[in-house]
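A look at the structure
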Amino acid sequence: MATSLTPKENIMRLLKGEMPEWVPSYSYYGPLPGVDEPPPNMSVGNPGMPFRVVGEDGVSRSIWGVSSTSVEAVGGFSLPTPNDFVLKDINDWKDVLKAPDLSDVDWKAASEEALGRLPYSRDQVSMWYGPGGGYFQLLMGLMGFNNGLLAMATERDTVMEMFTYLHEFYLPIATEYIDYVNPDVLSMGDDTAAERAPFVSPEMFRDMLLPFYDDFARLARNRGIPINFHNCGKSEVLFNDLVRIGISSWEPVQLENDIHEVQRKFGRSLVIGGGWEGRGRLTAPDVTDEEIRQSVRDAFDAYAPNGGFMFAAAYTPGSRDDERTRHWNEVLQKEAHEYGRTFYKK
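Our subject in this report is the structure included herewith. Nothing here was measured: the structure is a model prediction, and the numbers come from that model.

Calculation rules
Residues numbered from 1 in each chain as written. Predicted model: local features only at pLDDT ≥ 70, side-chain atom pairs only at ≥ 80, totals over all residues. Heavy atoms only, no water. Helix = DSSP H or I, 4+ residues; strand = E, 2+ residues; numbered from the N terminus. Buried < 20%, exposed > 50% of the residue type's maximum accessible area, 1.4 Å probe, protein only. Contact = heavy atoms within 4.5 Å. Core = buried A, V, L, I, M, F, W, Y, C linked by side-chain atoms within 4.5 Å. Phe/Tyr/Trp six-rings, centres within 6.5 Å; stacked < 30°, edge-to-face > 60°.

Next up on the list: unusual backbone geometry. Residue Glu251 is joined to Pro252 through a cis peptide bond whose omega torsion reads -10°. Looking at the element boundaries, Pro252 is found in strand E9 (residues 247-253). With a phi close to 65°, Asn83 is a non-glycine residue in the positive phi region. In this fold, Asn83 is placed in the loop between strand E5 (77-80) and helix H2 (93-96). Of note, Asn182 is a non-glycine position whose phi angle comes to about 50°, a positive value. Tracing the backbone through its elements, the reader meets Asn182 in the loop between helix H6 (156-181) and strand E7 (185-189). Under the relative-accessibility criterion, Asn182 is labelled partly exposed at 47%.

Here it is, written out as structure tokens:
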């Protein structure tokens, strides 16, 4: 069906709180499987300094020394290596964390070089994942959840000193890059919630994390750039504060959240990216293509009618060679694309 907007114009209209012409799909990984219409609705770029390095031992580590392990059970994605903690005692952070000297960096040249390595086009939506923002995850990667959460609860001032040190390293980089990159969207993120509740109380979130997010979000607010926030789990209670600092879209909004209540509260000022999960019958070995397609239609019917919704979901592969999951994702994304294209024209 003919449309008057390009995919970029349509999703940017959505991200600015306006009614889109059709329901767009957010793609984490570039072109959508099963969808034959380039450009993809969202291209994700991450220009920046090399924040991960591979040592002579072949192990990938962050600049803070946190090693990562590829986990085959989740499609080869890398996660912090279990029990390989860099920081054993929060009081030792000054001895452990040593920020590299970036005083001689040519930021314009570095930005252009980084953009040149990306499958990137201004015809697509450029979403820049800034280098900072995930301070909760950084702490958990350094110490593990048990020790990291204990430090936040018992050594608040010391944790805040460390967060400030990290922020004073990341924020100037983002400040240098943002005008060279000129992104359509700034994306932030910090996985601060599990399936049943956030890992920290709203009060601790507001006290220890929000000030840093706010400072980072200011870069986009001052330039009129929409801000996306990635937060898994049941994190809806945190979005009163996040919307207040300018967050205009949230993904992946998982089903443990009361999505209808979030939409009632925020309307189109907070775009919901999600509303679908591969769980239960949808992951049964004998699930049919039609069941997958119907699940997409059900999600759209539930959350898209009044706008403020984009489809941001995918099956996680069981391994790199998981042909079945690849097929499921192709069926899923094709249905989301086709149903979304006609949704507001029914």
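Text resumes after the structure shown.
Tracing the backbone through its elements, the reader meets Leu166 in helix H6. Using a relative accessible area of 0% as the deciding quantity, one classes Leu166 as buried. Along the backbone, Leu166 and Lys98 are 68 residues apart, and their C-alpha atoms lie at a distance of 9.8 Å. In this structure Leu166 touches Trp64, Leu97, Tyr135 and Leu138, once residues within four positions along its chain are discounted.

Counting 80 residues, the largest nonpolar core has Met162, Phe163 and Leu242 as the members making the most contacts within it. With 13 residues, H6 is the single largest residue contributor to this core. When neighbours within four sequence positions are excluded, Met162 is seen to be in contact with Leu87, Ile90, Trp93, Leu97, Leu139 and Leu142.

The subject of this paragraph is the packing of aromatic side chains. Per the stated rule, a full pass over the model turns up 27 aromatic pairs. When the centroid spacing of 6.3 Å and the interplanar angle of 80° are considered together, the rings of Trp64 and Tyr170 count as edge-to-face. One end of the pair, Trp64, is in the loop between strand E3 (60-62) and strand E4 (68-71); the other, Tyr170, is in helix H6, with 106 residues separating them in the sequence. The residues Trp64 and Tyr170 share a single accessibility class, namely buried. For the ring pair Phe300 and Phe311, a centre distance of 5.6 Å and an interplane angle of 45° mean the geometry is tilted. Of this pair, Phe300 sits in helix H11 (residues 289-303) while Phe311 sits in the loop between strand E11 (309-310) and helix H12 (323-342), and the two are 11 residues apart along the sequence.

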